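Okay, here's what each chain looks like letter by letter:
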Amino acid sequence: MSSTRRRDWATIPNLVTLVRFALLAPVCVLLWDGAGTLAVVLLLVWACTDWVDGLLARALDQRSRTGEIMDPIADRLGLAAIAATLALVGLLPWAALAIIIIVDLATTVLASGAALGGRIEVSFLGKIRTAVLMTSIFLLVAAAAWAPGLLDAGQVLVWIAVGLHVLSGGDYILRASRAPRGASAGEGPPSPR
């Protein structure tokens with residue numbers, strides 16, 4: 001194995017992304033057991049790893065193709081698992097979970113080839129969608145743990161996030177369908193990972 005290839009995956013940002021994968025099961029178990037302070041804190045740590053890995057990739061100049069692939073997988077898998085757990089415990093509407101999963105499946109089927117081939121990159125709308133979805137989930141858990149009065153605000157934010165999720169998924173699918181097979185997205189601004 002060449003050192004260039006090793007450098008692609010052996011980066012600090014990719015380690016942070018792996019930590020996000022590792023935190024997913026404990027976060028879901030704690031949420032299942034009942035939202036408490038530890039669940040809120042661990043969920044916040046999980047969510048922050050998404051911001052930290054991108055920040056480190058830029059600051060340390062450790063952008064990698066592996067990171068570009070792993071980061072959105074960690075986001076989508078993590079958000080789906082956490083949303084499913086919250087639906088099971090009655091904090092997230094089942095309809096919101098269904099829409100999230102359907103959009104993720106459609107995006108995976110219709111746009112992942114273009115994304116993996118480097119023909120489309122993460123969009124600004126996709127980043128906003130992820131931030132709003134993570135914030136809404138955090139707000140629901142914080143409301144259940146500490147401030148039940150915030151539950152309605154969390155529910156409203158969830159539906160805003162779901163709307164952004166649909167728009168973002170549609171945008172990825174549309175851009176993937178228009179991306180030429182041999183082209184690369186590298187002509188635009190560099191990806192944060």
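Everything below is about the structure shown above.
It should be emphasised that the depicted structure is a prediction, and the values quoted were computed from it without experimental measurement. (Residues numbered from 1 in each chain as written. Predicted model: local features only at pLDDT ≥ 70, side-chain atom pairs only at ≥ 80, totals over all residues. Heavy atoms only, no water.)

When you go through the chain residue by residue, the secondary structure sums to seven helices and zero strands. In sequence order, the chain lays out its α and β elements as α-α-α-α-α-α-α. Taken over C-alpha atoms, the radius of gyration comes to 17 Å for the chain, in line with the 16 Å a tight globule of 193 residues would show. The principal-axis extents of the C-alpha atoms in the chain amount to approximately 50 × 35 × 25 Å. Sorting the 193 residues of the chain into buried and exposed places 40% on the buried side. By sequence separation, contacts in the chain at least 24 residues apart represent 82% of the contacts at least 6 residues apart. In the structure as shown, the chain presents an accessible area of about 9900 Å², 71% of it carried by carbon and sulfur atoms. (Helix = DSSP H or I, 4+ residues; strand = E, 2+ residues; numbered from the N terminus. Rg over C-alpha atoms; globule rule 2.2 N^0.38 Å. Buried < 20%, exposed > 50% of the residue type's maximum accessible area, 1.4 Å probe, protein only. Contact = heavy atoms within 4.5 Å. Areas by Shrake-Rupley, 256 points an atom, 1.4 Å probe, with all protein chains shown as cover.)

Moving on, we get to helix 5 (residues 94-116). An α-helical segment advances 3.6 residues per turn. Residues three or four places apart therefore align on the same side. At leucine 110, helix 5 shows its maximal kink, close to 50 degrees. Every buried residue of helix 5 is listed here: Ala96, Leu97, Ile100, Val103, Asp104, Thr107, Ala111 and Ala114. Tucked into the core, helix 5 has its buried residues touching helix 4 (65-88), helix 6 (124-145) and helix 7 (151-178). Looking one or two places after helix 5, you find glycine 118, whose phi comes out positive at around 75 degrees. (Bend = angle between axes of the 7 residues up to and from the residue.)

Further remarks concern the environment of glycine 36. Relative to the assigned elements, glycine 36 resides in the loop between helix 2 (12-33) and helix 3 (37-59). For glycine 36, a relative accessible area of 22% gives the class partly exposed. Sequence separation between glycine 36 and tryptophan 146 is 110 residues; the distance between their C-alpha atoms is 7.6 Å.

As a further point, take helix 4. The end-to-end C-alpha separation of helix 4 is 35 Å, in line with the 34 Å expected for 24 residues at 1.5 Å each. With its phi angle positive at about 85 degrees, glycine 90 sits one or two positions after the end of helix 4. (Expected span 1.5 Å × (residues − 1).)

Residue aspartate 61 is not a glycine yet carries a positive backbone phi of 50 degrees. Tracing the backbone through its elements, the reader meets aspartate 61 in the loop between helix 3 and helix 4. Residue aspartate 61 is classed as exposed on the basis of its relative accessible area, which comes to 59%.

Side chains of Trp32, Leu88, Val89 and Trp94 sit close together on the surface and give an oily, nonpolar patch of about 450 Å² of accessible area. Looking at the secondary structure, you find leucine 88 in helix 4. Judged by relative accessible area, leucine 88 falls into the exposed class, the value being 52%. (Patch = residues over 30% accessible without salt bridge, like charges linked within 9 Å, V, L, I, M, F, W, Y side chains within 5 Å. Salt bridge = Lys/Arg side-chain N within 4 Å of Asp/Glu carboxyl O.)

Further remarks concern the side chain of serine 123. Turning to its location among the elements, serine 123 is positioned in the loop between helix 5 and helix 6. At a separation of 2.9 Å, a polar atom in the side chain of serine 123 contacts the main-chain amide nitrogen of glycine 126. Leaving out residues up to four positions away in the same chain, serine 123 has contacts with Asp171, Tyr172 and Arg175. (Polar contact = N/O pair within 3.5 Å; in protein donor to acceptor, adjacent residues only side chain to side chain.)

Using the criterion set out here, one finds eight salt bridges in the structure. A salt bridge links aspartate 50 to arginine 20, with the nearest nitrogen and oxygen atoms 3.3 Å apart. Here aspartate 50, found in helix 3, pairs with arginine 20, found in helix 2; they are 30 residues apart in sequence, far enough to count as distant. Across this residue pair, the class does not change: aspartate 50 and arginine 20 are buried. In this structure, aspartate 71 engages arginine 20 in a salt bridge whose closest nitrogen and oxygen atoms are separated by 2.7 Å.

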